[in-house]
Each structure stands twice: as C-alpha cells, then as structure tokens.
Amino acid sequence: MTKSALITGITGQDGAYLARLLLDKGYKVHGLVARRSSDSRWRLREMGVEADIVYLDGDMADACSVQRAVIQSAPDEVYNLAAQSFVAASWNQPVTTGIVDGLGVTHLLEAIRQFSPHTRFYQASTSEMFGLIQAEQQDENTPFYPRSPYGVAKLYGHWITVNYRESFNLHASSGILFNHESPLRGIEFVTRKVTDAAARIKQGKQQELALGNIDAKRDWGFAGDYVEAMWLMLQQDKPDDFVVATGVTTTVREMCRIAFDHVGLNYRDYVKIDPAFFRPAEVEVLLGNPAKAQRVLGWKPKTDLDTLIRMMMDADMKRVAKE
Ligand code: NAP
Ligand code: GDD
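Residues numbered from 1 in each chain as written. Chains lettered and ligands numbered in written order. Predicted model: local features only at pLDDT ≥ 70, side-chain atom pairs only at ≥ 80, totals over all residues. Heavy atoms only, no water.

Per an unreviewed UniProt entry, the recorded name for the chain is GDP-mannose 4,6-dehydratase, and the organism is Pseudomonas koreensis. Word for word, the UniProt comment on the chain under Catalytic activity (unreviewed entry) is "GDP-alpha-D-mannose = GDP-4-dehydro-alpha-D-rhamnose + H2O". UniProt lists a comment for the chain under the heading Function (unreviewed entry), and it reads "Catalyzes the conversion of GDP-D-mannose to GDP-4-dehydro-6-deoxy-D-mannose." (UniProt positions renumbered as here; feature names shortened; annotations may be inferred.)

**Student:** Where do I start with the overall build of the chain in this structure?
**Tutor:** A tally of helices and strands in the chain yields 10 helices and 13 strands. Compactness check: the chain gives a C-alpha radius of gyration of 19 Å against a globular reference of 20 Å for 323 residues, within 12% of the reference. When its C-alpha atoms are laid out on the principal axes, the chain stretches across 60 × 45 × 40 Å. In the chain, which comprises 323 residues, the proportion classed as buried is 55%. Considering only residue pairs separated by 6 or more positions, the chain has 79% of its internal contacts joining residues 24 or more positions apart. With the model as given, the accessible surface of the chain reaches about 14000 Å², and the carbon-plus-sulfur share is 49%. Each charge sign in the chain was given a centre, from 37 positive and 40 negative side chains, and these centres are 2 Å apart. (Helix = DSSP H or I, 4+ residues; strand = E, 2+ residues; numbered from the N terminus. Rg over C-alpha atoms; globule rule 2.2 N^0.38 Å. Buried < 20%, exposed > 50% of the residue type's maximum accessible area, 1.4 Å probe, protein only. Contact = heavy atoms within 4.5 Å. Areas by Shrake-Rupley, 256 points an atom, 1.4 Å probe, with all protein chains shown as cover. Lys, Arg positive; Asp, Glu negative; His and termini not counted. Charge placed at Lys NZ, Arg CZ, Asp CG, Glu CD.)

**Student:** For this particular structure, what's the right way to read the pairing of strand 4 (residues 77-80)?
**Tutor:** Along any regular strand, the residues point their side chains to alternate faces of the sheet. Where burial is concerned, the two faces of strand 4 agree: the one with Glu 77 and Tyr 79 and the one with Val 78 and Asn 80 are both buried. Relative to strand 4, strand 1 (residues 4-8) is paired through 4 bridges, and the arrangement is parallel. Residue pairing across strands places Ile 7 opposite Tyr 79, the latter belonging to strand 4. As paired strands, strand 4 and strand 5 (residues 120-126) are joined by 4 bridges and run parallel to one another. Paired with Val 78 across the bridge in strand 5 is Phe 121. For the crossover that starts at strand 4, traverses helix 4 (residues 94-115) and ends in the parallel strand 5, the hand is right-handed. (Pairing = 2+ DSSP bridges. Right-handed = clockwise from strand over helix to strand, strands pointing away.)

**Student:** When you look at the site of ligand 1 in this model, what are you seeing that I'm missing?
**Tutor:** What surrounds ligand 1 is a group of 26 residues, the closest being Thr 11, Asp 59, Ser 85, Tyr 150 and Lys 154. In this structure, an oxygen atom belonging to ligand 1 sits 3.0 Å away from a main-chain N or O atom of Gln 13. Contacts to ligand 1 include Tyr 150, whose side-chain N or O atom sits 2.6 Å from an oxygen atom. Its free accessible area being 890 Å², ligand 1 has 88% of it covered by the protein chains. Per-element tally for the shell around ligand 1: the top contributor is strand 5, with 3 residues. Split by residue class, the shell around ligand 1 holds 11 nonpolar, 10 polar and 5 charged. (Near = heavy atom within 4 Å. Polar contact = N/O pair within 3.5 Å; in protein donor to acceptor, adjacent residues only side chain to side chain. Nonpolar A, V, L, I, M, F, W, Y, C, P; charged D, E, K, R; others polar.)

**Student:** It is not clear to me how helix 8 (residues 252-262) should be interpreted in this structure. Could you clarify?
**Tutor:** Quick reminder: α-helices carry 3.6 residues per turn. Residues three or four places apart thus point the same way. Within the sequence span of helix 8, burial applies to Val 252, Met 255, Cys 256, Ile 258, Ala 259 and Phe 260. Looking at the packing, one finds that the buried side of helix 8 touches helix 6 (190-202), strand 8 (209-211), strand 12 (250-251), strand 13 (271-273) and helix 10 (305-322). A positive phi of about 75° marks Gly 264, the residue just after helix 8.

**Student:** Can you walk me through the site of ligand 2 in this structure?
**Tutor:** Taken together, 25 residues are adjacent to ligand 2, and Ser 85, Thr 126, Ser 127, Tyr 150 and Arg 279 come closest. Contacts to ligand 2 include Glu 188, whose backbone N or O atom sits 2.9 Å from a nitrogen atom. Mapped onto the shell around ligand 2, the elements with two or more residues apiece are helix 6 and strand 8. A class-by-class count of the residues in the shell around ligand 2 yields 12 nonpolar, 6 polar and 7 charged.

**Student:** What is the right way to look at the side chain of Thr 106 in this model?
**Tutor:** Position of Thr 106 relative to the elements: it lies in helix 4. Given a relative accessible area of 17%, Thr 106 falls into the buried group. Those residues in contact with Thr 106, other than ones at most four positions away along the chain, are Tyr 156, Ile 160 and Tyr 164.

**Student:** Help me out: how do you make sense of helix 6 in this one?
**Tutor:** With 13 residues, helix 6 extends 18 Å between its outermost C-alpha atoms, agreeing within 8% with the 18 Å of an ideal straight helix rising 1.5 Å per residue. A large share of helix 6 lies buried, amounting to 11 of its 13 residues. If you check which residues of helix 6 are buried, you get Thr 191, Arg 192, Lys 193, Val 194, Thr 195, Asp 196, Ala 197, Ala 198, Ala 199, Arg 200 and Ile 201. In the core, the buried residues of helix 6 are packed alongside strand 7 (180-181), strand 8, helix 8 and helix 10. (Expected span 1.5 Å × (residues − 1).)

**Student:** In this structure, what is going on with the environment of Asp 306? I would like to understand it.
**Tutor:** In this structure, Asp 306 sits in helix 10. Between the C-alpha atoms of Asp 306 and Leu 209, which are 97 residues apart in sequence, the distance is 20 Å. Of the polar contacts made by the side chain of Asp 306, one reaches the side chain of Arg 310; its length is 2.7 Å.

**Student:** I tried to follow the pairing of strand 1 on my own but got confused; where do I start?
**Tutor:** Here strand 1 lies mainly inside the structure; 5 of its 5 residues are buried. Bridge count between strand 1 and strand 2 (residues 28-33): 5 bridges; the pairing is parallel. Following the sheet pairing, Thr 8 is matched in strand 2 by Leu 32. In terms of handedness, the path from strand 1 via helix 1 (residues 13-24) over to strand 2 forms a crossover that is right-handed.

The following block contains the structure:
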C-alpha cells in the first residue's frame, strides 16, 4: 500500500531533500505551502520533484488550515519542518517566531490527535535549544538553555511534542538536529553566505565578505544525510528523541578557510568583521553526540565538512558564472 506523507516546510532546504527521499521510497507526498507573493518552489525544481507533490495551502499560524491539510492528506507520517528558521531574524520577529515555531507545533499535534491519531509525527527540533551549553558534548540528556527567541520557541515545540506523546500516546518523535547545510541552504546562513561570496570574489563580482563572530563553532553536517535520520525515526516501533550530529565541531573561521582554499584564495584577504552581524546573545559552540541515533536507528553521517563545503562551492561557482 502506498504510504501518504505530509511535509510542512516542504519549500525549505530539508523539505526538498526529504520530499526527494520519500518519493524515491514510493510515498505519496503532500506539502503544506504558505501563500507567498513570489515563487517559493525553486528548491523543489532543483531536486526535480516539483510536479510530483500534492500542494496544500496553509500556514502554521492558522490552525484551521493545518487541520484541513491533515484531513485532506490522510497521512501515515507528518514531518513538521516549517519554521522561521533564521536565528538572527528571531530577535526582530520574536512573536511570529513564537507562533510559527512554537504554537504552530500544537496546531499540528492537535489536528493529528483529533482527526488522525494513528499518524506518526516528526518534529524538527534543534541544537539551538542547548544554546549556552551545559555539557561539552550535547546528547539527549543534556539540559537545555536556549539563547534566542528562535531557541525558546523551538524548545516549546520540542516539549509539546514530548507532552503529546506522553499524554495521548501519539507516535511523536523529536529530532534534535545540529546544523546541516547543502547547496540548497538559504543564502543568509553562514555557510552559504561564505560559499556564495567566495564564488563571487573568485569571479570578480564581489570584493569582500562581511561576517560577525567567526570564532563561533558549529557541528555541521549534510542535509541529505540528515533527512534519512528523520525518516528512520518514524520507522521505529517506539517514538523517541534523537540527537543527529557529526560529532565534530569547527569554527566559522576554519569553514571560511576551506571554502576560499577550494577556489585558490586566502580568506584572510577578503573577510572583514562587521559588528552588524554579531547577535544579542551568541551560541558560541555546539558539538553533538549522535551515539543514540547510531545505536537505535543505525544512522551515521556520510559527509564530512570538507566534502560538504566543496559540494556547496562547486554549485555556487556554477550558479554565479551563469548570472
Ligand atoms: P528553511 O530552509 O528555512 O525552511 C523553512 C520552511 O518553513 C520553508 O518551507 C518555509 O516556507 C516554511 N515556513 C516558514 N513559515 C511558515 C509558516 N508560517 N507556515 C508554513 N510554512 C512556513 O529551514 P530548513 O533548514 O529546511 O530547516 C527545516 C526545519 O528544521 C526548520 O524547522 C528548522 O528550524 C529546523 N532545523 C534546521 C536545522 C538546519 O541546520 N538546517 C537544524 C535544526 C533544526 P517559505 O519557503 O514559503 O518561506
Ligand atoms: N548567518 C550568519 N551570518 N552567521 C554568522 C555570520 C554572518 O555573517 N558571521 C558569523 N556567524 C555565526 C553566527 O553568529 C553563528 O554563531 C554561526 O555563524 C552559525 O550561524 P547560522 O549559519 O546563521 O546558523 P545558526 O547556527 O544560527 O542556526 C542554524 O542552525 C540551527 C541548528 O543549530 C539554523 O539552521 C537554525 O534553524 C538551526 O536550528
């Protein structure tokens, strides 16, 4: 029997990779898509899946539309990826971030509880919930200490997922994913900002690159690997929470070096520090321990940072050349 999946946030980076994965596995894929004044399906086109998806209008802030999407898609699995996901923007839009990333999760869980309680649910939780880290390497037992309105909203989303699992016996799992990137990453995130700028500088279309705190450290993986972990979580008999990470942490500075090196440039000649890109409260370092995901799900990251940044650089070099 063909399985039905509903993906919220299908037009985002992870949505595009997950849609490809589920279609390849034979799922009927539905996508909740919020009304935008300009085209938001470019990533789905890049992945070659745009025509294979059933689109449902809706917004995570609008409980009625979320409920309708659940009823219309009759999903075996729901992947809640929709979010205002840019941490820096969350200080400027704290209420929207709270509604979409926090309360929006309840809209979806409540629709599942009332209309489709057999549906398995995945919540896109985040390492940003660890924020001011309480352990050198973070795992499922590390206490949370979010440092942004985004992190706070996501923590609500995480705990309401746990609560609905415990209260109503829903098959609801939370994936605590560390940073993951790809050529489809939004340009505002630091990896894409750097690979795009390095490509432009190499091709004479930009002179320098302004960044904030380049001493921050992140545990960066490849989005294509991470969506496999999401799917694996919903194939388990028991719902649970899982950290998904590489177990390696690297500074933004070193990531810049890798990107610029790849096109024969020295990042030190181009990167400028601009206080405008510093955050009101920073998450200085994140380092995940994916041992549980490996043990229970049989999941392991396949792509190291060097390979990932090279993949992104190659894609940006081609794209910039065509502009
Ligand atoms: P992304 O590229 O920013 O995609 C976010 C998606 O959410 C887009 O499809 C966006 O639609 C949609 N969306 C935003 N507001 C919405 C609303 N009000 N109603 C319905 N849809 C809405 O994010 P991503 O990198 O793919 O991440 C996917 C999820 O994982 C997010 O929840 C993110 O917070 C979480 N996460 C990401 C990472 C990471 O490193 N990538 C790590 C941990 C957790 P539009 O295209 O129309 O804007
Ligand atoms: N975006 C950006 N722009 N970040 C910069 C810059 C800059 O110019 N300069 C330094 N940084 C630093 C940030 O201060 C942060 O410490 C780090 O680079 C990574 O920033 P982002 O790439 O914007 O990602 P993030 O870690 O804040 O959030 C991403 O990962 C989370 C998981 O940990 C997002 O994808 C979140 O949605 C996700 O939950």
